[in-house]
Amino acid sequence: QLQASGGGLVQAGGSLRLSCAASGRTFSNYVMGWFRQAPGKEREFVAAIISSGGSTDYVDSVKGRFTISRDNAKSTVYLQMNSLKFEDTAVYYCAAGRMFLRQTSTYDYWGQGTLVTVSS
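For the structure given in this document, a descriptive report is provided here. (Residues numbered from 1 in each chain as written. Predicted model: local features only at pLDDT ≥ 70, side-chain atom pairs only at ≥ 80, totals over all residues. Heavy atoms only, no water.)

1. As for the environment of Y92
Short version of the rule: Only DSSP runs of H or I reaching four residues or more are called helices, and only runs of E reaching two or more are called strands; each is numbered from the N terminus. What makes two residues a contact is simply this: any of their non-hydrogen atoms within 4.5 Å. We define a polar contact as two N or O atoms separated by no more than 3.5 Å, with the added condition that, inside protein, one atom must be a possible hydrogen donor and the other a possible acceptor, whereas residues neighbouring each other in sequence contribute only through side-chain atom pairs.
Mapped onto the elements, Y92 comes out in strand 9 (residues 90-97). Through-space distance from the C-alpha of Y92 to that of W34 is 6.8 Å; in sequence the pair is 58 residues apart. With residues near it in sequence (within four places) discarded, Y92 still touches L18, W34, F35, R36, V46, F66, L79, M81, G113, T114 and V116. Reaching out from Y92, the side chain makes a polar contact with the side chain of R36 at a distance of 3.0 Å. Among the polar contacts made by the side chain of Y92, one reaches the main-chain carbonyl oxygen of D88 at a distance of 2.6 Å.

2. Some points on the pattern of salt bridges
So the rule is basically this: Salt bridge criterion: a side-chain nitrogen from Lys or Arg within 4 Å of a carboxyl oxygen from Asp or Glu. Each residue is assigned to one of three classes by its accessible area relative to the maximum for its type, calculated with a 1.4 Å probe on protein chains only: buried under 20%, partly exposed between the two thresholds, exposed over 50%.
Applying the stated rule across the entire model yields five salt bridges. For R36, the salt bridge goes to E44, with nearest N and O atoms at 2.6 Å. The class of R36 is buried, set by a relative accessible area of 6%. A relative accessible area of 33% places E44 in the partly exposed class. Linking R36 and D88 is a salt bridge whose minimum nitrogen-to-oxygen distance equals 2.9 Å. Residue R36 is found in strand 4 (residues 31-37), and its partner D88 is found in the loop between strand 8 (76-81) and strand 9; the two are separated by 52 residues along the sequence. Here R36 and D88 have matching classes, each one buried. Sharing partners across several salt bridges, the network here consists of R36, E44, R65 and D88.

3. Considerations on the nonpolar core
Short version of the rule: To qualify as a nonpolar core, a set must consist of buried Ala, Val, Leu, Ile, Met, Phe, Trp, Tyr and Cys residues joined through side-chain atoms within 4.5 Å.
M32, W34, L79, M81 and Y92 are the most contacted members of the largest nonpolar core, which totals 35 residues. Not counting residues within four places of it along the chain, the set of residues in contact with M81 comprises G14, S15, L16, L18, R65, F66, Y92 and V116.

4. Quick notes on the state of the cysteines
Two cysteines whose sulfur atoms are joined by a covalent bond form what is called a disulfide. The condition is simple: A pair of cysteine sulfur atoms is labelled a disulfide when the two atoms are within 2.5 Å.
Going through the model one piece at a time under the given rule, you end up with one disulfide. A sulfur-sulfur distance of 2.1 Å marks the disulfide that ties C20 to C94. Here the disulfide of C20 and C94 is right-handed, its torsion about the S-S bond being about 60°. With C20 in strand 3 (residues 16-22) and C94 in strand 9, this pair connects stretches of sequence that are 74 residues apart. Residues C20 and C94 agree in their burial class; the two are buried.

Don't take any of this as a statement about function, it's just geometry.
Set out below in structure tokens:
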């Protein structure tokens, strides 16, 4: 089970940190990803981190602004979001999978989503 939290309303240029707490499985065995879905759009990849935390991947639109990290001792993955833009507004989902890829189909378990709203 994945429980995402930390979303909210923030002004453009502001910051938020999302958290995703995992339970029920060996968290450290999984690649963890963050995805987002804006109204009327498909769910898109945002960032991923391998099980050890040693490698990360980001969609170009968030590089330099977002940072994904994980604490395996706490079974939690984070997404630090800085310099937020209006176009970052979306429901953000965390996901767990076995492959370090961007496709949603490669992730086996999903959290319920947390809404991030950036006001312009």
